[in-house]
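Given next are the chains, with one letter for each unit.
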Amino acid sequence: MLATLERIDPYSDDIDLLVELVCHLRPRQRWVWQDADDPAQAVRTLTQLLKGNPTQAWALRRYLTTLLEKRRHTSLYSDIGILSNDGFVTELKSRIAYRFLPPALDNLYLSDALDQVLYREDDFEWIRAVPDDEWMLLFDVIANAPPPDDDAPDRARVVTLKGLLDAIRTLSCRICALGLEPRLVHSYSQIENFDSPFLMQNIEANRYLDDYARYLAGERERPDDAGHLLVMLDQCEDVVLKIRRLALANGTSIALTYLLVAVQQSIDRLQKLLFLVDVTDEQSPTPAPAPAHPSAHEVMDELVIDGEVLLPVAPQGDNPGQLTVPDAPLLSPRQRAAISLAEELIEAHNTKYQVSGLVRDNVHLLARNVTENASRTGEHYIAEDRKDLRKMLWSSSGAGFIVGFMALFKILLGYLRTPPLVEAFLFSMNYSLGFVLIHMLHFTVATKQPAMTAQRIAASLHRSATGRGIDVDKLAELVNKVFRTQMVAVLGNVLVAFPVALGIAEFVRWYTGHHLVDPIKALHLLNDIDPLHSPALFYAAVAGVWLFVAGLISGYYDNKALYTRMGQRVRQLRGLRRVLGPARLARLGDYVEGNLGGLMGNFFFGILLGTTGTVGFLLGLPIDIRHITFSAANFATALVALDYGMTWAQIANATAGVLLIGTVNLLVSFGLALWVALRARNIVFKRWILLVQALGRRFAYSPVEFFLGPRHRQLPPPDTVYSKGTK
């Protein structure tokens, strides 16, 4: 470190020595079993070296100010850490490309200089690990370094201040442009009823900057404060918040979320810069040109150097050869804000090519909307009383009836011996059209429930977490309702699909004189559901994943239908209006908007089920699917094909296989859906033991009601209204 300090040329703008000096401060990479370097100790060492040699301290100060004077600052403050205007897809592609081949650097810009100095992605971690007081002591030593008598005043303060003011103007113009985007105005049309705060803040920013320029020119004692501008920025934030809230009801898109994130980032950065350049609380009556030894109360004595902050210059001691630096500097609010911004810029720079942060910031609102729509759908899959359970049994029985025929069609399609891709298409259409028909007839496939009911449970947790806390007993009641509704739906599917498939197989044997499948195929069907000697349970887990994905697809299209006003778009089709008439077209539009998610979710679920086995075959991977209802139907088909000549052990094994396949289907889809829903709402639930205990109490109190539910729906107690003059 000392050798590097001795080689510093005060008037050089070559950044290589600064890179070398930072390398001495950066902790070295160690093995896991080795003790990590302490970056704070390295900073203290540099501080002591500069304290003991004021000449080197001045050389470093002059070297840093030279680097600042020769580079442009604006892009560092206005671009780093803020999404570009290119859009999500373009930004995502750029980040992926730059991970492999970074863009060319221009030595003219301070932001590119930062790229050369702090080139490791984890540099921000060790910089944050150093206490602010240690950085302040180092900056004090550099700022207090006595210059030679013949040294000309540096212009680093002026250049830095100009860069900050230019960044304020740039950010204000960007906020104005983003706030007037048609996509944003479309999402909050009320903004057209009054003066847009996005436009007004730009007018206020230009007025503030013009006034500040007159202040710097000595034409004014001090500029007006930025109060009006900050009020406009607060109103802009209110609009962004309202759009986010409306998005939960009206839907959103990646493009809108990207726009909102970019606006919020720009507003936050503009507010921080305004605080740094504010001089309304300064004591100095008039601005003065930058002296060789600036006073501690002048604006922008805190210099941003490559993302770091130099503190105000303190008075020198009686001995000009010594530096008087307090051991523990007292940080002002502006100093804390400056170093916080510096650390923010460094972290944003180090992570500017990371894809995870971009996806997390922009997909979160869409994921919340997808899970929110799925939770609203999940409410229809929860039976409140025995009457609702009977309806669910009827609904699931209808689905089991259709699945019995879908299993027949799949067997017949397999007899065609078509090429693999054609077979995958035929299987997919069989599944997709069958599931879509089930949805249109308002029947219920039991395995589709968990992906929806899990979202409903997460929504309940979210409402509790944002209120007075989580009521474990209420949550246990909801989980109990979900459990018994799920069991009834499974019974309805299986107990109808099995006899339907059995009847179809018997009818084929009676009508054609031979079995639907031969004994070899029957044994193959039984082996497919064998939980011990085949990967049936793993394949059931794959089907559970596809059930979860189908739930996400359903929520995505529900969100899309709301955001794009799908019903209104359908009602605007003139051709259909002539064919159907206005009334029928209106009903069709309402149906599409209300059921697009269910239709698309079922359609894509069928495609996933139909193509998985073929993809596994083509790639040589052991991937296939097992679904409880189809497994039950295949079990019935095999039973007839073997002329009921199965041993009790084979029957027990097949029955256990069907039940275990269903259990894995439900657990995997429910677990994934609940995990995603909790993550989308930022919920961490840790009361699982209390929840299990509450469920145990409900079972012990009334086992019959635990499984069959109450006879009648429990209505909430009426609100108590107190009137004047009554008791």
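Cut-off values and rules
- Numbers given to residues run from 1 along each chain, matching the order in which its sequence is written.
- Reporting in this predicted model follows two pLDDT cut-offs: at least 70 for local features of residues, and 80 or more for side-chain atom pairs to be given and counted; totals over whole chains, interfaces and linings ignore these cut-offs and use all residues.
- Side-chain metrics in this entry use all non-hydrogen atoms of the structure; hydrogen atoms and water are not considered.
- Helix numbers and strand numbers start at the N terminus; a helix is a DSSP run of H or I with at least 4 residues, a strand a run of E with at least 2.
- Exposure is judged per residue with a 1.4 Å probe applied to protein chains only, and the accessible area is read against the type maximum: over 50% gives exposed, under 20% gives buried, and values in between give partly exposed.
- The contact criterion used is simple: two residues touch if any of their non-hydrogen atoms lie within 4.5 Å.
- In these tables, accessible area is a Shrake-Rupley quantity obtained with a 1.4 Å probe, and a residue counts as shielded only by the protein chains included in the view.
- By salt bridge we mean one thing: a side-chain nitrogen of Lys or Arg within 4 Å of a carboxyl oxygen of Asp or Glu.
- What a helix should span is 1.5 Å times the count of its residues minus one.
- This arc describes the spread of directions from the helix axis toward the C-beta atoms.
- Pairing of aromatic rings covers Phe, Tyr and Trp, the last through its six-membered ring, and needs centres within 6.5 Å; plane angles under 30 degrees mean stacked, over 60 mean edge-to-face, and all others mean tilted.
- The criterion is that NZ of a Lys, or CZ of an Arg, lies within 6 Å of the ring centre and within 35 degrees of the ring normal, and then a charge sits over that ring.
- For the purposes of this section, nonpolar cores are sets of buried Ala, Val, Leu, Ile, Met, Phe, Trp, Tyr and Cys residues that join through side-chain atoms within 4.5 Å.
- Polar contact criterion, stated in full: a pair of N or O atoms within 3.5 Å, where within protein one must be able to donate a hydrogen and the other to accept it, and residues adjacent in sequence count only if both atoms are side-chain atoms.
- Lines fitted to C-alpha atoms define the axes, with helix axes restricted to the stretch in contact, and inter-axis angles between N-to-C directions lie between 0 and 180 degrees.
- In these notes the angle categories are as follows: under 35 degrees is roughly parallel, over 145 is roughly antiparallel, 65 to 115 is roughly perpendicular, and the rest is oblique.
- Left-handed describes a crossing in which the near helix is turned anticlockwise from the far one by less than a right angle; the clockwise case is right-handed.
- Classification used: nonpolar for Ala, Val, Leu, Ile, Met, Phe, Trp, Tyr, Cys and Pro, charged for Asp, Glu, Lys and Arg, polar for all others including Gly.
- What goes into a patch is any residue over 30% in relative accessible area without a salt bridge, connected to like charges within 9 Å or, for nonpolar side chains (Val, Leu, Ile, Met, Phe, Trp, Tyr), within 5 Å.
- Per-residue confidence from the predictor is reported as pLDDT, a score between 0 and 100.

J.: Which residues make up the overall build of the chain, and what are the values?
T.: Scanning the chain from N- to C-terminus turns up 29 helices and 2 strands. Split into buried and exposed, the 727 residues of the chain put 49% on the buried side. Taking all contacts inside the chain whose residues are at least 6 apart in sequence as the whole, residues at least 24 apart take part in 84%. Within the structure as shown, the chain displays about 36100 Å² of accessible surface, and the carbon and sulfur contribution to it stands at 60%.

J.: Lay out the pattern of salt bridges with the relevant residues and their values.
T.: Pairing of side chains with opposite charge becomes possible as their charged atoms draw close. A complete count under the given rule lists 26 salt bridges for this structure. Of the charged contacts, one joins Glu-347 and Arg-128 as a salt bridge, the two residues approaching to 2.9 Å between their closest N and O atoms. Placement of Glu-347 in helix α15 (residues 333-350) and of Arg-128 in helix α8 (residues 123-129) is noted, with a sequence separation of 219 residues between them. Between Lys-481 and Glu-477 there is a salt bridge, with its nearest N and O atoms 3.6 Å apart. One end of the pair, Lys-481, and the other, Glu-477, are both in helix α20 (residues 472-512), 4 residues apart, so they sit about a helical turn from each other. Classification of Lys-481 as buried rests on a relative accessible area of 13%. On the basis of relative accessible area, Glu-477 is assigned to the buried category, the value being 18%. Residues participating in the shared-partner salt-bridge network are Glu-204, Arg-207, Asp-211, Arg-214, Arg-220 and Asp-224.

J.: Which residues make up the environment of Ser-356, and what values go with them?
T.: Here Ser-356 shows up in helix α16 (residues 355-378). Relative accessible area serves as the criterion here: at 46%, Ser-356 is assigned to the partly exposed category. Put simply, Ser-356 and Leu-92 are 264 residues apart on the chain and 9.8 Å apart in space, counted from C-alpha to C-alpha.

J.: Would you mind going over helix α3 (residues 39-52) in detail, with residue names and values included?
T.: The first and last C-alpha atoms of α3 sit 20 Å apart over 14 residues, in line with the 20 Å expected at 1.5 Å per residue. Within α3 the residues assigned to the buried category are Pro-39, Ala-40, Ala-42, Val-43, Leu-46, Thr-47 and Leu-50. Taken end-on, α3 shows its buried residues confined to a sector of 160 degrees, consistent with a single buried face. Along α3, the residues that are exposed and aim more than 90 degrees away from the buried face are Gln-48 and Gly-52. The inward-facing, buried residues of α3 abut α1 (2-6), α2 (16-25), α4 (54-69), α8 and α9 (132-143).

J.: Explain the packing of aromatic side chains to me, and be specific about the residues and the numbers.
T.: Any pair of aromatic rings gets described here by the distance separating the centres and the angle formed by the planes. The full count for this structure, using the stated rule, is 21 aromatic pairs. Taken together, a centroid distance of 6.0 Å and an interplanar angle of 55 degrees make the contact between Phe-538 and Tyr-539 tilted. Owing to a relative accessible area of 12%, Tyr-539 belongs among the buried residues under this scheme. The lysine or arginine in question, Arg-26, covers the ring of Tyr-119, its NZ or CZ lying 4.6 Å from the ring centre. Over the aromatic face of Phe-427 sits the side chain of Lys-410, whose NZ or CZ is 4.6 Å from the ring centroid.

J.: Describe the nonpolar core, with residues and values.
T.: With 93 residues, the main nonpolar core has Leu-50, Leu-60, Trp-135 and Phe-198 as its most contacted residues. With 13 residues, the top contributor of residues to this core is helix α14 (residues 254-277). Apart from the residues lying within four places of it in its own chain, the contact partners of Trp-135 are Val-43, Trp-126, Ile-127, Val-130 and Ile-339. Among the nonpolar cores identified, the runner-up in size contains 33 residues, and Val-488, Phe-635, Leu-639 and Leu-666 belong to it.

J.: Lay out unusual backbone geometry in plain terms, naming residues and giving numbers.
T.: Backbone phi values are negative for most residues with the exception of glycine, while trans is the configuration of most peptide bonds. Positioned with a positive phi, Arg-417 is a non-glycine residue whose angle comes to about 55 degrees. Tracing the backbone shows Arg-417 in the loop between α17 (386-414) and α18 (420-440). Exposure remark for Arg-417: the relative accessible area of 67% places this residue in the exposed category. The phi dihedral of His-442 is positive, around 65 degrees, even though this residue is not glycine. Residue placement: His-442 occurs in the loop between α18 and α19 (449-465).

J.: Could you give me a rundown of the side chain of His-349, with the residues and numbers involved?
T.: Take His-349: it is sitting in helix α15. Separated by 3.4 Å, the side chain of His-349 and the backbone nitrogen of Asp-115 make a polar contact. Here His-349 is in contact with Ile-80, Leu-114, Asp-115 and Leu-118, once residues within four sequence places are set aside.

J.: Break down the packing of α3 against α4 for me, with residues and values.
T.: The geometry of α3 relative to α4 is characterised by a closest axis approach of 5 Å and an angle of 115 degrees between their N-to-C directions. Considering the angle they form, α3 stands roughly perpendicular to α4. Contacts from Leu-50, Lys-51 and Gly-52 in α3 reach Pro-54, Gln-56, Ala-57 and Leu-60 in α4.

J.: Can you lay out the environment of Thr-45 for me, pointing to particular residues and giving the numbers?
T.: With respect to the secondary-structure elements, Thr-45 resides in helix α3. Its relative accessible area of 33% is what places Thr-45 among the partly exposed residues. C-alpha separation for the pair Thr-45 and Met-1, spaced 44 residues apart in sequence, amounts to 9.0 Å. Here Gln-41 takes part through its backbone oxygen, which lies 2.9 Å from a polar atom of the side chain of Thr-45.

J.: Help me get a handle on the side chain of Ser-397, residues and values and all.
T.: Looking at the secondary structure, you find Ser-397 in helix α17. Residues within four places of Ser-397 in sequence aside, it is in contact with Gly-492 and Val-496.

J.: Describe the packing of α17 against helix α26 (residues 628-641), with residues and values.
T.: It is at 9 Å that the axes of α17 and α26 come closest, and there the two elements cross at 65 degrees. Judged on the interaxial angle alone, α26 and α17 are roughly perpendicular. The element α17 and its partner α26 pack so that their crossing is right-handed. For the pair α17 and α26, contact is made by Val-403, Met-406, Ala-407 and Ile-411 and by Thr-629, Phe-630, Ala-633, Asn-634 and Thr-637, respectively. A breakdown of the residues in the contact of α17 with α26 according to their chemical character gives 6 nonpolar, 3 polar and no charged.

J.: An account of the environment of Leu-330 is requested, with residue identities and associated values reported.
T.: Here Leu-330 shows up in the loop between β2 (308-310) and α15. Leu-330 sits in the exposed class, given a relative accessible area of 81%. When the C-alpha positions of Leu-330 and Met-136 are compared, they lie 9.1 Å apart, and in sequence the two are 194 residues distant.

J.: Any details on a nonpolar patch on the surface? Residues and values, ideally.
T.: A contiguous nonpolar surface patch, about 700 Å² in accessible area, is contributed by Leu-421, Val-615, Phe-617, Leu-618, Leu-619, Leu-621 and Ile-623. Of the residues forming the nonpolar patch, the biggest block, 4 residues, is contributed by helix α25 (residues 582-619). Turning to its location among the elements, Leu-618 is positioned in helix α25.

J.: Describe the confidence of the model for the chain, naming the residues involved and giving the relevant values.
T.: When pLDDT is averaged along the chain, the result is 83; 86% of the residues meet or exceed 70. Across the chain, the secondary-structure element scoring lowest on mean pLDDT is strand β1 (residues 303-305), at 38, and the one scoring highest is α18, at 95. The low-confidence segment residues 283-325 (pLDDT under 50) makes 114 contacts with residues lying over four places distant or belonging to another chain. Here residues 717-727 is a poorly scored stretch, pLDDT under 50, and it has 0 contacts once near neighbours within four places are set aside; other chains count.

J.: Tell me about α4, and name the residues and values.
T.: Under the 1.5 Å per step criterion, the end-to-end length of α4 is 22 Å for 16 residues, consistent within 8% with the ideal 22 Å. Of all 16 residues making up α4, 14 are buried, and the element is well covered by its neighbours.

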